[in-house]
Amino acid sequence: MPFSSLKKRIGLKLNLNDPRWGSENKDGNKQAQEGKKPGEGPPDLDQLWRDFNQRLNGLFGQKRNNNGSGGGGGSSGGDMRGAGFTIGAVGAIAALVWLASGAFIVQEGQTGVVFTFGKVSHVTPAGLNWRWPYPFQSDVTVNVSQVRTVEVGYRNNVKNKQLRESLMLTDDENIIDIQFAVQYTLKNPVSWITSNTNPEETVMQVAETAIREIVGRSKMDFVLYEGREKVAYETQQLMQQILDRYASGAQITNVTMQGVQPPEQVQAAFDDAVKAGQDRERLKNEGQAYANKVIPESRGAASRLTQDAEAYRSQVVENAEGNAARFKSVQAEYAKAPGVTRDRMYLDTMQQIFTSTSKVMIDSRAGNNLLYLPLDKLIAQAAASDAAAKANATPPPPTAVMLPSDGLPPVEISRPRDSRSRESSRDRESR
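Since the structure is predicted, the reported quantities are computational estimates derived from the model, not experimental observations.

Quick look at the sheet that holds strand β2 (residues 110-116)
Across the sheet, three strands lie side by side as β3-β2-β5; this open sheet has antiparallel pairing. Two strands in the sheet have a free side with no partner beyond their single neighbour: β3 (119-124) and β5 (137-143). Geometrically, the sheet is characterised by an average inter-axis angle of 25° between neighbouring strands, direction not taken into account. Of the pairings in the sheet, the one linking β2 to β5 comprises seven bridges and is antiparallel in character. For Thr 111, the partnering residue across the bridge sits in β5 and is Val 142.

So, in structure tokens, the structure goes:
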């Protein structure tokens, strides 16, 4: 039946006062044909239902009964069979759709977890999978290859601080501001789904708990400077232990410190304290460098003076011992031959004296009492000889100066070499 004809039949205005209602058949089977005009009577709902069933039977290959004047029993049986077949077809289609709803696709890097009546039954790999439809089974897809990140102390930017999370107390009773990020993956999707109602919030709370424990047993300077990497490593280890204890199914891969500093309210004072500490360390290093330079030099000078003193002591002792031994040998010889020994000692002494003193030789036979001595030349020569003696360890041999004649005999003057010789000669002359 065309939809327009059905619309026309349903849309007819039913007039119960129409006298033609009385001319209808007693059995309620009205002869309503498709070609009936709207003014010929109200539509027959039974006929509409039969037409609808016939059309459904025609769609599914049933033989359509076009004879509308058959017996009442046969027509009623055919209608019941058509209605049953229609319901069966609709049920089959619904069953196919219901079974098809159990198919699901798991992407690469993900894992599907299937629940049977709310209990985990099995885990499916990537690809096309099937389960019993609702309400028997359900599925949850978990991304196990994704690296997830939890931010503690800030959100998206270190400037967007969360003071409730970042402010922590150290072991030396100082407050420190820490922002860090935790990266983790999933090693057990079943535990990740079933162990916690809000697993991401659990990871954040575990991270905050672990960092507070590590910072609470560390000094402030250690956390700020040399201990950042150690604090991050210990936090990662402690987080993993707690998450494994809770069977969360998460695997901590990295803990990154984004910012470690004192609170903003005391930042200026802390910077001054840090600067003072740096100045102290610098001055300490400079003093240590100066000490490392001066102390070895002083030790070297002291060692050199000690060795010089030891050498001088050894020299004096050896000279004294030698003089004593020589005196003893001379004394023994003097006891044997006093006169010869005394003459020899006198000659040796005079030789030493005249060797190291200036000599003036005067010819007494000339009989001239006027003696001219060139003192300026003698003084200059003596100064030059002293300078040469200081430059060279070995003194030069005595030199003689010839005085001008001027009727005077020649005079030979020798430069004294040793002050001790001069002193001994003076002593001798005084005796």
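So, next bit.
Let's talk about the pattern of salt bridges
Inspection of every chain in the model, using the stated rule, returns 14 salt bridges. Across the pair Asp 139 and Arg 131 runs a salt bridge, and its minimum N-O distance is 2.5 Å. With a relative accessible area of 23%, Asp 139 lands in the partly exposed category. Exposure remark for Arg 131: the relative accessible area of 13% places this residue in the buried category. Between Arg 282 and Glu 286 there is a salt bridge, with its nearest N and O atoms 3.4 Å apart. Remark: Glu 286 and Arg 282 occur in helix α9 (residues 267-336); sequence separation between them is four residues, near one turn of the helix. Judged by its relative accessible area of 42%, Arg 282 falls in the partly exposed class.

Some remarks on the side chain of Thr 170
Tracing the sequence through the fold places Thr 170 in the loop between β9 (167-169) and β10 (175-186). Excluding its chain neighbours within four sequence positions, the residues that come into contact with Thr 170 are Ile 176, Val 215, Gly 216, Ser 218, Lys 219 and Met 220.

Some points on helix α8 (residues 228-245)
Taking 1.5 Å as the rise per residue, α8 with 18 residues should run 26 Å; its terminal C-alpha atoms sit 26 Å apart, in good agreement. Within α8 the residues assigned to the buried category are Val 231, Ala 232, Thr 235, Gln 236, Leu 238, Met 239, Gln 240, Ile 242 and Leu 243. Trailing α8 by a residue or two, Ala 247 shows a phi angle of about 55°, which is positive.

What to know about the packing of aromatic side chains
Any aromatic ring pair is given by two values, namely how distant the centres are and how the planes are angled relative to each other. All told, the structure shown has four aromatic pairs when counted by the stated rule. Between Trp 98 and Phe 136, the ring centres sit 5.8 Å apart and the planes meet at 70°, which makes this aromatic pair edge-to-face. Taken together, the positions of Trp 98 in helix α3 (residues 72-100) and Phe 136 in the loop between β4 (127-130) and β5 put the pair 38 residues apart, joining distant regions of the chain. Judged by its relative accessible area of 36%, Phe 136 falls in the partly exposed class. Seen from their ring centres, Tyr 184 and Trp 192 are 5.8 Å apart, and the 45° between their planes marks the pair as tilted.

Re helix α6 (residues 199-216)
Its 18 residues give α6 an end-to-end C-alpha distance of 26 Å, which sits within 8% of 26 Å, the value for a rise of 1.5 Å per residue. Among the residues of α6, those classed as buried are Pro 199, Thr 202, Val 203, Met 204, Val 206, Ala 207, Glu 208, Ala 210, Ile 211, Ile 214 and Val 215.

Observations regarding the pairing of β10
Among the twelve residues that make up β10, ten are buried, leaving the element largely enclosed by the rest of the structure. As paired elements, strand β6 (residues 148-152) and β10 share five bridges and run antiparallel to each other. For Val 150, the partnering residue across the bridge sits in β10 and is Val 182. Pairing of β9 with β10, which is carried by three bridges, proceeds in the antiparallel orientation. Bridge pairing links Leu 167 to Asp 177 in β10. The hairpin turn running from β9 into β10, its antiparallel successor, is five residues long, and Glu 173 in that turn takes a positive phi close to 65°. With ten bridges connecting them, β10 and strand β11 (residues 250-261) associate as antiparallel partners. When the bridges of β11 are listed, Leu 186 appears paired with Ala 250.

So, a nonpolar patch on the surface
Together, Trp 98, Leu 99, Phe 117, Trp 130, Trp 132 and Phe 136 give the surface a local cluster of nonpolar side chains, amounting to about 640 Å² of exposed area. Structurally, Leu 99 is set in helix α3. For Leu 99, a relative accessible area of 32% translates into the label partly exposed.

What counts and what doesn't
- Residues numbered from 1 in each chain as written.
- Predicted model: local features only at pLDDT ≥ 70, side-chain atom pairs only at ≥ 80, totals over all residues.
- Heavy atoms only, no water.
- Pairing = 2+ DSSP bridges.
- Helix = DSSP H or I, 4+ residues; strand = E, 2+ residues; numbered from the N terminus.
- Axes fitted to C-alpha atoms, helices over the stretch in contact; angles between N-to-C directions.
- Salt bridge = Lys/Arg side-chain N within 4 Å of Asp/Glu carboxyl O.
- Buried < 20%, exposed > 50% of the residue type's maximum accessible area, 1.4 Å probe, protein only.
- Contact = heavy atoms within 4.5 Å.
- Expected span 1.5 Å × (residues − 1).
- Phe/Tyr/Trp six-rings, centres within 6.5 Å; stacked < 30°, edge-to-face > 60°.
- Patch = residues over 30% accessible without salt bridge, like charges linked within 9 Å, V, L, I, M, F, W, Y side chains within 5 Å.
- Areas by Shrake-Rupley, 256 points an atom, 1.4 Å probe, with all protein chains shown as cover.

Note that all results are geometric; they support no functional claim without further evidence.
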